[in-house]
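Letter by letter, the chains look like this.
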Amino acid sequence: MRSVDVVIVGASLSGAAAAKRLVDAGLETIVIERKQLPRHKICSGILSPRGHRFLLENFGPLPPEVLHEPTSCRGVTFHFPCMVPMPMDFFGGTTPHLHRKYSDHWAIQQSGAEIHDQTSFVGLQDNGDHVIVAARSRGEPVEYRARRVIGADGPSSLVTRALYPDYPQSIPWFFVGQKFHRIIECPLDPQYFHFWFHPSLGHYTWSHARDGRQIVGVGFKRGDNFARKHRTVVDYLADKHGVRLEPEDDDDEGCGENFGPSLINRYVFGKGNVLITGQAAGFLNMIGEGMSCALHAGAISGEAVVEAGLRNRPVQDMYRRMIASEVRRTSDQWNPLKVAFDRPHEADFPAALMALGWRDGAKVMRDIWRFLALYKEFKWGRQILRAALQRPLIGGYSMKRWL
Ligand SMILES: Cc1cc2nc3c(=O)[nH]c(=O)nc-3n(C[C@H](O)[C@H](O)[C@H](O)COP(=O)(O)OP(=O)(O)OC[C@H]3O[C@@H](n4cnc5c(N)ncnc54)[C@H](O)[C@@H]3O)c2cc1C
């Protein structure tokens with residue numbers, strides 16, 4: 001059995017960031033990844049300025065092969081039923097449009113950790129002074145012995161389930177799906193990620209250009225018909241925005257998202273010698289931007305392991321204290337007062353709203369309010385709305401709610 005300081009589960013951005021901190025501190029680190037690398041990852045790849053800075057500062061300049069076409073993004077354009085578009089540029093200029101298959105592989109290689117791909121985490125046993133990790137590598141059972149384990153295995157994390165079997169039932173889940181279309185004519189600016197606050201389209205509707213095609217994506221609930229929802233959006237884009245697309249190609253994709261822990265401040269950080277980070281821990285920013293918080297949370301999990309070792313302190317205690325700033329930053333993205341009067345999103349929503357003038361601004365605010373009312377129909381909707389309203393009043397960052 002291989003014995004190392006740390007095993008990280010998941011060779012994505014949070015795993016790469018954690019690995020970088022551990023390797024830099026001289027800890028022997030293995031990353032296990034269930035897929036063959038480089039692996040596909042469903043993602044729009046729109047990186048926030050903070051995520052961009054993290055990559056540059058930690059892994060160096062991005063090679064051109066880790067980018068999609070168009071290679072950069074200026075910001076986000078919000079659309080509403082009132083048809084007033086609201087473009088918002090990212091602070092500090094454009095950011096790279098990441099091709100996750102290659103960017104994640106590049107980052108994990110840059111971390112310097114040893115990588116075991118096609119190796120799936122199956123379970124673990126924490127024995128107090130070490131953890132035994134059970135995995136399957138190319139169909140064969142394999143075990144690792146590690147001082148610490150970091151679960152960086154994304155929204156459906158098996159590491160989280162191993163520690164908290166009931167957790168998946170205790171949070172809201174949403175599903176997202178996207179289809180790819182050859183473009184006949186598309187007046188939507190390809191330099192922006194487009195998002196619709198439109199109750200009759202659904203709770204999460206987006207579109208953007210990628211490698212000569214247009215992505216049309218929708219969010220839906222369990223039991224909804226993805227194809228029908230998607231068709232509604234395609235027809236809407238044609239009717240209202242003059243977007244003419246060929247029928248979708250056959251490489252559509254979708255997944256379930258734990259799109260809620262950051263909404264209801266219900267994060268999971270691990271137990272004993274096992275830490276959970278990235279989206280597995282619940283980090284996901286508004287409109288589904290998850291790379292920047294995955295990178296930062298991942299780095300903090302690695303730092304917590306290093307610091308706990310240096311100071312001989314309990315690693316969970318260390319991690320919870322160190323991660324508090326990232327929790328606040330992520331939860332602030334869902335704080336209506338922060339959104340209205342501050343700049344938690346790295347793009348200037350208040351300035352964009354002011355630029356519309358009072359008449360169009362009022363229409364936009366009315367449409368946002370109607371859109372939020374959509375959440376009432378979700379099983380978790382009322383809890384999400386309550387958390388959003390309570391957050392600015394009583395603060396929503398209590399560590400007591402974290403597991
Ligand atoms: C449709 C869509 C569009 C998105 N667009 C954006 C965007 O434009 N910008 C943005 O910032 N974010 C976006 N996100 C969110 C972003 O992709 C995630 O928040 C981010 O990738 C989370 O990173 P992570 O490292 O925590 O986990 P993940 O990226 O989910 O990686 C987890 C890794 O763990 C591996 N793994 C899982 N289970 C096991 C196991 N049992 N054993 C071993 N390995 C395992 C997986 O294969 C994967 O490599 C989007 C998400 C979706 C679904």
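For the structure itself, consult the block above.
Residues numbered from 1 in each chain as written. Predicted model: local features only at pLDDT ≥ 70, side-chain atom pairs only at ≥ 80, totals over all residues. Heavy atoms only, no water.

Attention now moves to the overall build of the protein chain. Check the secondary structure of the protein chain and you find twelve helices and 18 strands. For a compact globule of 403 residues, the expected C-alpha radius of gyration is about 22 Å, and the protein chain comes in at 21 Å, within 12% of that figure. Along the three orthogonal principal directions, the C-alpha set of the protein chain runs to about 65 × 45 × 40 Å. The 403 residues of the protein chain split such that 58% are buried. (Helix = DSSP H or I, 4+ residues; strand = E, 2+ residues; numbered from the N terminus. Rg over C-alpha atoms; globule rule 2.2 N^0.38 Å. Buried < 20%, exposed > 50% of the residue type's maximum accessible area, 1.4 Å probe, protein only.)

Another point: empty space enclosed by the protein. One pass over the structure, following the stated rule, counts two cavities of 30 Å³ or more. Estimated volume of the largest cavity: approximately 60 Å³. Around the largest cavity, the lining residues are Pro 155, Ser 156, Ser 157, Thr 160, Arg 161, Tyr 167, Pro 168, Ile 171, Trp 173, Asn 258 and Ala 280. Residues that form the lining of the largest cavity fall into these classes: six nonpolar, four polar and one charged. Size it by volume and the second largest cavity reaches roughly 50 Å³. Lining the second largest cavity we find Ile 46, Pro 70, Ser 72, Cys 73, His 97, Pro 190, Gln 191, Tyr 192, Phe 193, His 208 and Ala 209. (1 Å grid on protein atoms, 1.4 Å probe; cavity = no way out; pocket = protein on both sides within 12 Å on 5 of 7 lines; lining within 4 Å. Points joined across faces, edges and corners; volume = space filled by probe spheres on them. Nonpolar A, V, L, I, M, F, W, Y, C, P; charged D, E, K, R; others polar.)

To continue, consider the pattern of salt bridges. A side chain of one charge can pair with a side chain of the opposite charge when the charged atoms of the two come close. Taken as a whole and assessed by the stated rule, the structure comprises 23 salt bridges. Of the charged contacts, one joins Asp 24 and Lys 20 as a salt bridge, the two residues approaching to 2.9 Å between their closest N and O atoms. With a gap of four residues between them, Asp 24 and Lys 20 both fall in helix H1 (residues 13-24), about one helical turn apart. For Arg 21, the salt bridge is made with Glu 303, and the minimal N-O distance between the two is 2.7 Å. Note that Arg 21 is positioned in helix H1 and Glu 303 in helix H7 (residues 291-311), a separation of 282 residues in sequence. Residues participating in the shared-partner salt-bridge network are Lys 179, Arg 231, Asp 235, Glu 248 and Asp 252. (Salt bridge = Lys/Arg side-chain N within 4 Å of Asp/Glu carboxyl O.)

The element strand E9 (residues 131-137) is largely enclosed, with a buried count of five among its seven residues. Both strand E8 (residues 119-126) and E9 contribute to a ladder of seven bridges, which runs antiparallel. Residue Gln 125 lies in a different strand from E9, and its bridge partner there is Ile 132. As consecutive antiparallel partners, E8 and E9 are separated by four residues, and within that stretch Gly 128 has a phi angle of approximately 95 degrees, a positive value. Note that E9 and strand E10 (residues 140-151) share seven bridges and pair antiparallel. Following the sheet pairing, Val 133 is matched in E10 by Tyr 144. Once E9 ends, the chain turns through two residues before running back antiparallel as E10, passing Arg 138 with a positive phi of about 50 degrees. (Pairing = 2+ DSSP bridges.)

Turning our attention to the pairing of strand E5 (residues 86-89). Within a regular beta strand, the side chains point alternately toward one face of the sheet and then the other, so they alternate between its two faces. Burial along E5 is one-sided: Met 86 and Met 88 are buried, and none of Pro 87 and Asp 89, which face the opposite way, are. The pairing of strand E4 (residues 75-79) with E5 spans four bridges and is classified as antiparallel. Bridge assignment links Gly 75 to a residue of E5, and that residue is Asp 89. Linking two consecutive strands that pair antiparallel, namely E4 and E5, is a turn of six residues; a positive phi of about 65 degrees is found at Met 83 within it.

What follows is about the environment of Lys 179. Among the structural elements, Lys 179 can be located in strand E11 (residues 174-185). Residue Lys 179 is classed as buried on the basis of its relative accessible area, which comes to 9%. Along the backbone, Lys 179 and Glu 253 are 74 residues apart, and their C-alpha atoms lie at a distance of 6.8 Å. Among residues more than four places away in sequence, those in contact with Lys 179 are Gln 214, Ile 215, Val 216, Phe 226, Ala 227, His 230, Glu 248 and Asp 252. (Contact = heavy atoms within 4.5 Å.)

This next bit is on the site of the ligand. Surveying the vicinity of the ligand reveals 36 residues, the closest of which are Ser 12, Ser 14, Glu 33, Ile 46 and Gln 279. In this structure, an oxygen atom belonging to the ligand sits 2.7 Å away from a side-chain N or O atom of Ser 12. At 3.3 Å from an oxygen atom of the ligand is found a main-chain nitrogen or oxygen belonging to Gly 45. Its free accessible area being 1,000 Å², the ligand has 95% of it covered by the protein chains. Listed by contribution, the elements that provide at least two residues to the shell around the ligand are H1, E8, strand E16 (253-257) and H7. At three residues, E8 tops the list of elements feeding residues into the shell around the ligand. Classifying every residue of the shell around the ligand gives 16 nonpolar, twelve polar and eight charged. (Near = heavy atom within 4 Å. Polar contact = N/O pair within 3.5 Å; in protein donor to acceptor, adjacent residues only side chain to side chain. Areas by Shrake-Rupley, 256 points an atom, 1.4 Å probe, with all protein chains shown as cover.)

One finds Ile 8, Ile 32, Phe 269, Phe 283 and Ile 323 to be the most contacted residues of the largest nonpolar core, which totals 67 residues. Per-element tally for this core: the top contributor is H7, with ten residues. Excluding its chain neighbours within four sequence positions, the residues that come into contact with Ile 8 are Gly 15, Ala 18, Ala 19, Leu 22, Thr 29, Ile 30, Val 31, Ile 32, Ile 150 and Ala 152. By size, the runner-up hydrophobic cluster in this structure holds 37 residues, among which are Tyr 204, Trp 206, Ile 215 and Phe 349. (Core = buried A, V, L, I, M, F, W, Y, C linked by side-chain atoms within 4.5 Å.)

Among all residues except glycine, the phi angle is most often negative; among peptide bonds, the trans geometry is most common. Residues Leu 37 and Pro 38 are joined by a peptide bond in cis, for which omega reads -5 degrees. Structurally, Pro 38 is set in the loop between strand E2 (29-32) and helix H2 (49-59). Here the residue pair Glu 69 and Pro 70 is connected by a cis peptide bond, since its omega of -5 degrees sits within 30 degrees of zero. Take Pro 70: it is sitting in strand E3 (residues 67-73). Its identity as a non-glycine residue notwithstanding, Asn 312 has a phi of 55 degrees, on the positive side. Summarising the element assignment, Asn 312 is placed in the loop between H7 and helix H8 (315-332).

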